[in-house]
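Report on the structure
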Amino acid sequence: AKKHKFWETQPVGQFKDVGDTSLPEGPIEPPTTLSEVKQEPYNLPSPYEWTTCDMDSEETCNEVYNLLKNNYVEDDENMFRFNYSKEFLRWALRPPGYYKSWHIGVRAKTSKKLVAFITGVPARIRVRDEVVKMAEINFLCVHKKLRSKRLAPVMIKEVTRRVHLENIWQAAYTAGVVLPTPITTCQYWHRSLNPKKLIDVGFSRLGPRMTMSRTIKLYKLPDQPATPGFRKMELRDVPAVTRLLRNYLSQFVVSPDFDENDVEHWLLPTEDVIDSYLVESPKTHDITDFCSFYTLPSSILGNQNYSILKAAYSYYNVSTKTPLLQLMNDALIVAKKKDFDVFNALDVMHNESFLKELKFGPGDGQLHYYLYNYRIQNALRTSELGLVLL
Ligand SMILES: COc1cc([C@H]2SCC(=O)N2Cc2ccccc2)c(Br)cc1O
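Residues numbered from 1 in each chain as written. Predicted model: local features only at pLDDT ≥ 70, side-chain atom pairs only at ≥ 80, totals over all residues. Heavy atoms only, no water.

For the protein, the count of helices and strands is 9 helices and 17 strands. Taken against the 2.2 N^0.38 rule, which gives 21 Å for 390 residues, the C-alpha radius of gyration of the protein at 21 Å falls within 12% of a compact globule. On the principal axes, the C-alpha backbone points of the protein span a range of 60 × 50 × 45 Å. For the protein, contacts bridging at least 24 residues in sequence account for 74% of all contacts bridging at least 6. Here the protein displays about 18300 Å² of accessible surface, and carbon together with sulfur accounts for 51% of that area. Computing the positive centroid from 50 side-chain charges and the negative centroid from 46, the protein places the two 6 Å apart. (Helix = DSSP H or I, 4+ residues; strand = E, 2+ residues; numbered from the N terminus. Rg over C-alpha atoms; globule rule 2.2 N^0.38 Å. Contact = heavy atoms within 4.5 Å. Areas by Shrake-Rupley, 256 points an atom, 1.4 Å probe, with all protein chains shown as cover. Lys, Arg positive; Asp, Glu negative; His and termini not counted. Charge placed at Lys NZ, Arg CZ, Asp CG, Glu CD.)

With 99% of its residues at a pLDDT of at least 70, the protein reaches an overall mean of 97. Here the predicted complex scores 0.98 on pTM and 0.99 on ipTM. (pLDDT = per-residue confidence, 0-100.)

Disulfide: a covalent bond formed between the sulfur atoms of two cysteine residues. A complete count under the given rule lists 0 disulfides for this structure. There is no disulfide at Cys141, and the cysteine sulfur nearest it, in Cys53, is 11 Å away. (Disulfide = S-S within 2.5 Å.)

Take the packing of aromatic side chains next. Taken as a whole and assessed by the stated rule, the structure comprises 27 aromatic pairs. Between Trp7 and Tyr173, the ring centres sit 5.6 Å apart and the planes meet at 15°, which makes this aromatic pair stacked. With Trp7 in the segment before strand E1 (48-52) and Tyr173 in strand E6 (residues 170-175), the pair connects residues that are 166 residues apart, well separated along the chain. The pair formed by Trp7 and Tyr173 is uniform in burial state, with each residue classed as buried. Above the face of the Tyr42 ring, Lys38 is positioned so that its terminal group lies 4.8 Å from the ring centre. (Phe/Tyr/Trp six-rings, centres within 6.5 Å; stacked < 30°, edge-to-face > 60°. Buried < 20%, exposed > 50% of the residue type's maximum accessible area, 1.4 Å probe, protein only. Lys NZ or Arg CZ within 6 Å of the ring centre and 35° of its normal.)

Together, Phe15, Val18 and Val178 make up an exposed nonpolar region whose accessible area comes to about 270 Å². Mapped onto the secondary structure, Val178 falls in the loop between E6 and strand E7 (184-192). (Patch = residues over 30% accessible without salt bridge, like charges linked within 9 Å, V, L, I, M, F, W, Y side chains within 5 Å. Salt bridge = Lys/Arg side-chain N within 4 Å of Asp/Glu carboxyl O.)

On to the sheet that holds strand E13 (residues 308-309), then. In spatial order, the strands read E2-E12-E13; together these 3 strands make up an open sheet with antiparallel pairing. In the strand order of this sheet, the two ends are held by strand E2 (80-82) and E13, each with one partner. Of the pairings in the sheet, the one linking E2 to strand E12 (residues 298-300) comprises 3 bridges and is antiparallel in character. Of the residues in E12, the one forming a bridge with Arg81 is Ser299. (Pairing = 2+ DSSP bridges.)

The subject of this paragraph is the pattern of salt bridges. Counted by the stated rule, this structure contains 27 salt bridges. One salt bridge connects Arg124 with Asp257, and the closest N-O pair in it is separated by 3.1 Å. Of the two residues, Arg124 is situated in strand E4 (residues 114-127) and Asp257 in the loop between strand E9 (254-256) and helix H7 (260-267); the sequence distance between them amounts to 133 residues. Residue classification places Arg124 among the partly exposed residues on the basis of a relative accessible area of 27%.

Its place among the elements puts Glu271 in the loop between H7 and strand E10 (274-280). On the accessibility criterion, Glu271 (61% relative accessible area) is exposed. When the C-alpha atoms of Glu271 and Lys3 are compared, they prove to be 43 Å apart, with 268 residues separating the residues in sequence.

Right, dumping it as structure tokens:
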């Protein structure tokens, strides 16, 4: 049926193959030689042209920011829309070894307006015992006025072509919709930090038999973290955090294979983008635990009193001495202190162990994870997934 016309032509796990144990785990199609990769860009409908978005350029970064701010992902009831900041986009799109050519835009030939965007960044992802060079595909966005012109399939084929040109044959991506075929499906959970605002904007509702003051008291947090030695991560901590994180992530079926360069980029604190904290034992000065969250505001569509929701998203957390429950409560405490309205987390890794106890509530968004050109025999449990995509 029409349902997945495009995805049924792609090397991804097909629904019809689920459960077929005769199909081996690993790449679905072999790599080709670079000469066999299409050398010229795919054809766009005639009014449009490809452009490479130089995120170092203030002007271009502004165009990308505004396209996403006005046209990127909304919730099912169109009450909120992601509002990735320019600093966040620069962080997300320029990791070690990134390719500018993978920051792909579509412009209208006449007006030169940016009307669509899709990106890839290189990553080493371990799947069981194999470390695979992949592209992490993200920020697929088509202007609201150009929807259902079938632009997305040609943009996906173009970013795939440019990834192939760099001799990379696998990719990882997420979507809020079911496509062939998720390797796992996660649930978002939310911990209120500013319940009054969340109720006012319609994200949360006052519980039955609950007053506003009772609700505010329910979510109240201490003013300071509880764990002795809890502090912000610094450059000098990169080697120890890398060791801690690599060891911790090795237990999951799918996870990033971070080296010190990656840890320095992805986890060193950047104001209003990424926050990272660690526990340095006051006695031994060992680094025993780590927690991190990224800053991703949302536009609030159509509320009289507020226009921005300040949201923190749990990123990578490692607990070896401090109980994860206490570590994450300290993360909530510093997030509240930094005036976040809500702290979001997926039910991946060991997150399920603290979500309910720390008063997270389940969200309505499901997040499906996908691999391109790499078959995984059976879907993973969310607790087997050690990969957080932005
Ligand atoms: C509305 O329920 C949810 C919406 C979102 C996404 S869709 C567009 C947007 O902006 N979101 C971020 C957000 C907005 C509001 C609260 C928490 C997170 C997610 Br992710 C999970 C939810 O459960």
